[in-house]
Amino acid sequence: MKKFINLKRNNSNKLILCSLLILASLITLIFTFKSKLNINQSIIAFFSSALITAIVIKLFSNNKKTPLNSDSTPHLKTNKTNQLVEPTWDYTKKQISDSLDSLRELLPYNSIVLYLKNNQQQFEIKHFISWKENKIDKSHKFISAAGYFHWAIKEKTPRIIGNVKNTKENVPYYNSRIDIKSLLLVPILNNLQLNNKKEDNIVGIIAVDSLEINTFSNLHKSITSIVASEINHIINSNKNYEIYLEKSEKLNSLYNYIEKMESNIEPDQVLKNLLETLQNIFPKDLICITIKKEDKSIISGISDKNLEILNKEFVHTGSLVGTVSETNKPYNFINMQEKKRKIFNNEIDKINEISSIRSILIYPISISHNTDEEIYGAVTIIRKNNYEFNTEQRQIARITIQQAAKGIRYSNKLRDISEQAIIDSLSGLYNQRYFKEMLSKTVSRAVRYPEKVSLILLDLDNFKKINDDYGHLAGDKIISEVGKTILETIREIDISARYGGDEFAVLLPNTDSKGAITLAEKIKTNFENKLIQMNEFETKP
């Protein structure tokens, strides 16, 4: 059948060729007759027609439909499973933008501008949020800053300027004059430790401005500092994983780990993600996460086959994990049989058949607080063979655990800021704003279901006299002791607050008036029975 088709196609092409030659000959004869050409001119005309015919035939034979060359069009790189692979830096930029965007709802602003250092050590605008978008000079760069920017970068410290002077010099990212009144500048510090050398360089700066005087508070500064720390964390994550994990077969597991870390801010979930990722990366027989509790540790995470030791405690004395948790120094050893050391304690070691263990890697989970290091716990990876943890595996373990430590620190900072927003620092009770919110919700619930609810209001007698006779430090001491007494007396479901200067309130769900009176008397009695020393305070004449 195929031969017949080819034969038919060849015969068809021959017929076309003959027809075109005959047509060329006729055209030549007509042209010769009309133009009265001599014999030489006629021959030239005929061969010209033949040449044109050959060109037409060639074009006809090459006129086939061909597929579009995909190499000539842009395309996304794919992995072996044909899933899209997003470039690392594009992913990092998205994470940085998302972090900066979180400030939209948390800060009063006219513009929020992020500068990051490029390879030429210039600070350039990478992302911004502004109500005056067309006024931002998107191409603005600087190496040596002036004014307030120079002050913040040189001191490596966040700065609040309540009344901005000389906006042209001090707010350089606008392309025309904007009457900025307040400015918040937060440097982004890189404190990543590599090769036992701790860096402390500025990699960027966040600028937040406002059209009103004295807009920004220390709370705004703390919130922006957390975002700056998170942006640095994202940048470092990108650097670390590009350096150490670009060719690793477990790259997808690590990227999934980062995504989980950035979407979960609870310490328990951070440790769970850490355990899952380490199990995917390391050839191992046991992975264990411990949390430090003073001179003891508790096992909070364990690989699936060893659940029997979950939540068990052990003292640090004589324990390898305890030593790492106390000294903040990692431990890596091969051929553990020669060491004859306890890893946890005798009971836990026996359950895990420690006698058959050959290789061990223990890393502390340490959380930085300014210049201090808080040891949160440790990660232990154990093998029952003599395969040593190589340099790359140790680096991966360190970086992954560092990520977890930063996630826990970020979670703790958010928790502290949240508490600052609703807790009265002097009494330790809720503040008035939060109490009003809870009062409204509790009363609405009581009306809807219905339920009983009671409210106790307390104030201090002769509080002004205490301030006058003993000073305001003594008055603060009284307020603090009242708060402690209330918290010691009420139930967990009760809500207590400092409502004013010397006024306090306690909201009692599911409590009638009789129960409220009983509790109020109990608070009063407990406070009256307290002895508060005033000798340390100076008395006024």
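See the structure printed just above.
Notes on the structure in this doc start here. (Residues numbered from 1 in each chain as written. Predicted model: local features only at pLDDT ≥ 70, side-chain atom pairs only at ≥ 80, totals over all residues. Heavy atoms only, no water.)

The helix and strand inventory of the chain stands at 15 helices and 17 strands. The buried share among the 541 residues of the chain stands at 41%. Contacts in the chain between residues at least 24 apart in sequence constitute 62% of all its contacts with a sequence separation of at least 6. Surface summary for the chain: the accessible area is close to 32500 Å², and the carbon and sulfur share equals 52%. (Helix = DSSP H or I, 4+ residues; strand = E, 2+ residues; numbered from the N terminus. Buried < 20%, exposed > 50% of the residue type's maximum accessible area, 1.4 Å probe, protein only. Contact = heavy atoms within 4.5 Å. Areas by Shrake-Rupley, 256 points an atom, 1.4 Å probe, with all protein chains shown as cover.)

Let's shift gears to helix H4 (residues 147–155). By the burial criterion, the buried members of H4 are Tyr148, Phe149, Ala152 and Ile153. An end-on view of H4 places all buried positions within 125 degrees of arc, on one side of the element. In the segment just after H4, Lys156 is the residue with positive phi, at about 55 degrees. (Arc of directions from axis to C-beta.)

Between Tyr449 and the following residue, Pro450, the backbone shows a cis peptide bond with an omega angle of -15 degrees. As for its placement among the helices and strands, Pro450 is situated in the loop between helix H12 (432–448) and strand E15 (453–459). In this structure, Lys156 is a non-glycine residue whose phi angle is positive, near 55 degrees. Residue position: Lys156 is located in the loop between H4 and strand E4 (159–161). Accessibility expressed as a relative area gives 35% for Lys156, which makes it partly exposed. You will see that Asn311, though not glycine, has its phi angle at about 70 degrees, which is positive.

This part takes up the sheet that holds strand E1 (residues 111–117). Taken in spatial order, the 6 strands of this open sheet run E3-E2-E1-E8-E5-E4, and their pairing is antiparallel. Two strands lie at the open edges of the sheet, namely strand E3 (141–142) and E4, each paired on one side alone. As paired strands, strand E5 (residues 182–190) and strand E8 (residues 201–210) are joined by 9 bridges and run antiparallel to one another. Paired with Leu185 across the bridge in E8 is Ala207. Against the sheet, H4 engages E1, strand E2 (123–130), E3, E4, E5 and E8, with an angle of about 140 degrees to E8. (Pairing = 2+ DSSP bridges. Axes fitted to C-alpha atoms, helices over the stretch in contact; angles between N-to-C directions.)

A few words now on the side chain of Ser325. Its place among the elements puts Ser325 in helix H9 (residues 320–327). A relative accessible area of 0% means that Ser325 is categorised as buried. Setting aside its immediate chain neighbours within four residues, Ser325 contacts Lys292, Ser297, His316, Ile375, Gly377 and Ala378.

So, on to the packing of helix H14 (residues 472–489) against helix H15 (residues 513–528). Where H14 contacts H15, the axes come no closer than 9 Å and their chain directions differ by 135 degrees. Taken together, H14 and H15 sit at an angle that is classed as oblique. Between H14 and H15 lies a crossing of right-handed hand. Residues Ile478, Glu481, Val482, Thr485, Ile486 and Thr489 of H14 pack against Leu519, Lys522, Ile523, Asn526 and Phe527 of H15. Taken together, the residues of the contact of H14 with H15 break down into 6 nonpolar, 3 polar and 2 charged. (Parallel < 35°, antiparallel > 145°, perpendicular 65-115°, else oblique. Left-handed = near helix turned anticlockwise from the far one by under 90°. Nonpolar A, V, L, I, M, F, W, Y, C, P; charged D, E, K, R; others polar.)

This paragraph deals with the sheet that holds E15. An order of E15-E17-E16 is seen for the 3 strands of this open sheet, with the pairing classed as antiparallel. Every interior strand has two partners, whereas the edge strands, E15 and strand E16 (495–498), have only one. For this sheet the average axis-to-axis angle between neighbouring strands, irrespective of direction, equals 15 degrees. For E15 and strand E17 (residues 503–509), the ladder comprises 7 bridges, and the chain directions are antiparallel. Bridge pairing links Asp459 to Glu503 in E17.

Applying the stated criterion across every chain yields a total of 11 aromatic pairs. Both rings, one in Tyr109 and one in Trp131, keep their centres 6.2 Å apart while their planes meet at 20 degrees; by these two values the pair is stacked. Taken together, the residues Tyr109 in the loop between helix H3 (88–101) and E1 and Trp131 in the loop between E2 and E3 connect sequence positions 22 residues apart. Between Tyr115 and Tyr173 the ring centres are 6.5 Å apart and the planes differ by 55 degrees, which places this aromatic pair in the tilted class. Separated by 58 residues along the polypeptide, Tyr115 in strand E1 and Tyr173 in the loop between helix H5 (167–170) and E5 bring together distant segments of the chain. For the pair Tyr115 and Tyr173, one class covers both residues: buried. Among the aromatic residues, those joined into a ring-pair cluster are Tyr115, Phe123, Phe142, Phe149, Tyr173 and Tyr174. (Phe/Tyr/Trp six-rings, centres within 6.5 Å; stacked < 30°, edge-to-face > 60°.)

Before going further, it helps to spend a moment on the pattern of salt bridges. As enumerated under the stated definition, the model contains 18 salt bridges in all. Several salt bridges share partner residues, and in doing so they unite Lys477, Glu481, Lys484, Glu488 and Lys530 into one network. (Salt bridge = Lys/Arg side-chain N within 4 Å of Asp/Glu carboxyl O.)

On to the packing of helix H13 (residues 463–470) against H14. For any two helices packed against each other, the geometry comes down to the angle between their axes and how far apart the axes lie. Between H13 and H14, whose axes approach to 6 Å, the crossing angle comes to 140 degrees. Put simply, H13 runs oblique to H14. In contact with Phe463, Ile466, Asn467 and Tyr470 of H13, H14 contributes His472, Ala474, Gly475, Ile478 and Ile479. When the residues that make up the contact of H13 with H14 are grouped by side-chain class, the tally is 6 nonpolar, 3 polar and no charged.

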